[in-house]
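# Residue-level structure breakdown
Chain residues, written in single-letter form:
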Amino acid sequence: MATGGHHIHLQNNRKKFSLLPLLSLLIFASIFLVLSLSSKTSISSSSSQTLLLEGRSEPDPTYSSSRFGVCNYSEGKWIDDPKYRFNHKYDSSCKEIFRGWNCLLNNKSNAKEIATWRWKPHGCDLQPLDPLQFLQTYRDTNIGFVGDSLNRNMFVSLFCTLKRVSSDVKKWRPARADRGFTFLEHNLTIAYHRTNLLARYGRWLANANGGELEALGYKEGYRVDVDVPDSTWAKAASFHDILIFNTGHWWWAPAKFDPVKSPMLFFEKDKPVIPTVQPNVGLDMVLKHMIQYVEKTARPGSIKLFRTQSPRHFEGGDWDQGGSCQRLQPLLPEQVKELFSVQNNGTNVEARLVNQHLYKALKGSDFQILDVTHMSEFRADAHPSTAGGKKHDDCMHWCLPGITDTWNDLFATLLNNVKN
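One structure accompanies this document, and this report is about it. (Residues numbered from 1 in each chain as written. Predicted model: local features only at pLDDT ≥ 70, side-chain atom pairs only at ≥ 80, totals over all residues. Heavy atoms only, no water.)

## Description of the packing of aromatic side chains
This structure, assessed with the given rule, holds 21 aromatic pairs. Measuring from ring centre to ring centre gives 4.8 Å for phenylalanine 134 and tyrosine 138, while their planes differ by 45 degrees; the resulting arrangement is tilted. Consider the rings of phenylalanine 159 and phenylalanine 183, whose centres lie 5.8 Å apart with planes at 40 degrees: the pair is tilted. Placement of phenylalanine 159 in helix α5 (residues 149-163) and of phenylalanine 183 in strand β6 (residues 179-183) is noted, with a sequence separation of 24 residues between them. Phenylalanine 183 matches phenylalanine 159 in its accessibility class, with the two residues each being buried. The rings of Phe145, Phe155, Phe159, Phe181, Phe183, Tyr192 and Phe411 are connected pair by pair, giving a single aromatic cluster. (Phe/Tyr/Trp six-rings, centres within 6.5 Å; stacked < 30°, edge-to-face > 60°. Helix = DSSP H or I, 4+ residues; strand = E, 2+ residues; numbered from the N terminus. Buried < 20%, exposed > 50% of the residue type's maximum accessible area, 1.4 Å probe, protein only.)

Right, dumping it as structure tokens:
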């Protein structure tokens, strides 16, 4: 019995000892897994912090996201919130609103509902711009909007929002701006500098004595000096503390720059670019030179932003082909995908194509990116449409109050992140 019991005891000991390596292996594997996950989290956190500090985000083939810390503000959904419009917005009485954008005054059928939709980013909230806090935060500051009429759309939105709480305003034109205002109590100046291409351009006619372009058969067109800023904003960089640029819509405007009758002819260092190049290549050249110019002439410590392209919503054809925008509610995600797909190459593909050029040019620069494209793609309901007072539907500009108020909410959020 003793012998049998001893044999059993030895077998049990062997089983215990044989389990020890297995248990050790399991414990080691668990520790390794925890450390591995911790490392990945650390790397992810580090990447997010880099995006926050640099103000850039990882570019997507179609658009990139405004991502500050853990919040991606360009990905989300629109929520119908009737209380939202009365929380902080202005109304149709703001005199700076261009008549064609004043959808309330022009009795657009859904004008009141446009401003009740609130953008809800995934995983966080976008706080409304507080006008009084904005005035106090940016006391003794100059803010310049430089670009086409869509930047004016945004500029007017900011002005009307601020004027609701501060009516002591001086109207003037700082640094050759198209229009500008100083809120005297806080010495905050905001100005809009109109420029279609950022670069200087004007009519070009063939010289009777001939030349390189004449030898290629060109008789007329538009000369675009890729390395010379438009005079309307050339002094803006040295005047403003905060600059927000845009360009894009005029680069694909065949009604203005007809590729046959009046093509864009690019010049660099006062000489024509030979062989001639297409507008998309010219845009890259202009962006390169204008970014360099701003970084060279900007005030020390200034904040420089570039707003992504504002989408159009023409359906049934382009603006001169009977296209319209009659929707009364935001688009669904699948409708956005269909309307703006680069692969489909539809009427409104311009926005995503322009953004590809912007992200390429801005990579490695001092510019922050304000991504408004994707959130705006949903808002086919927010254009003046037939209430814009034009011979065709206005499916490019935005009603005010409207979506550019949300752009300014994002603008204020970005500035707060950069300053902090």
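## Here we look at helix α12 (residues 403-419)
Under the 1.5 Å per step criterion, the end-to-end length of α12 is 25 Å for 17 residues, consistent within 8% with the ideal 24 Å. In terms of residue burial, α12 counts as a mostly covered element, since 13 of its 17 residues are buried. (Expected span 1.5 Å × (residues − 1).)

## Some words on the state of the cysteines
Scanning the model with the defined rule gives four disulfides in all. Paired by a disulfide, cysteine 103 and cysteine 399 hold their sulfur atoms 2.0 Å apart. Residues cysteine 103 and cysteine 399 are joined through a disulfide that is left-handed, its torsion about the S-S bond being -75 degrees. With cysteine 103 in the loop between α2 (85-88) and α3 (111-114) and cysteine 399 in the loop between α11 (373-377) and α12, the pair connects residues that are 296 residues apart, well separated along the chain. Assessed through its relative accessible area of 1%, cysteine 399 is described here as buried. (Disulfide = S-S within 2.5 Å.)

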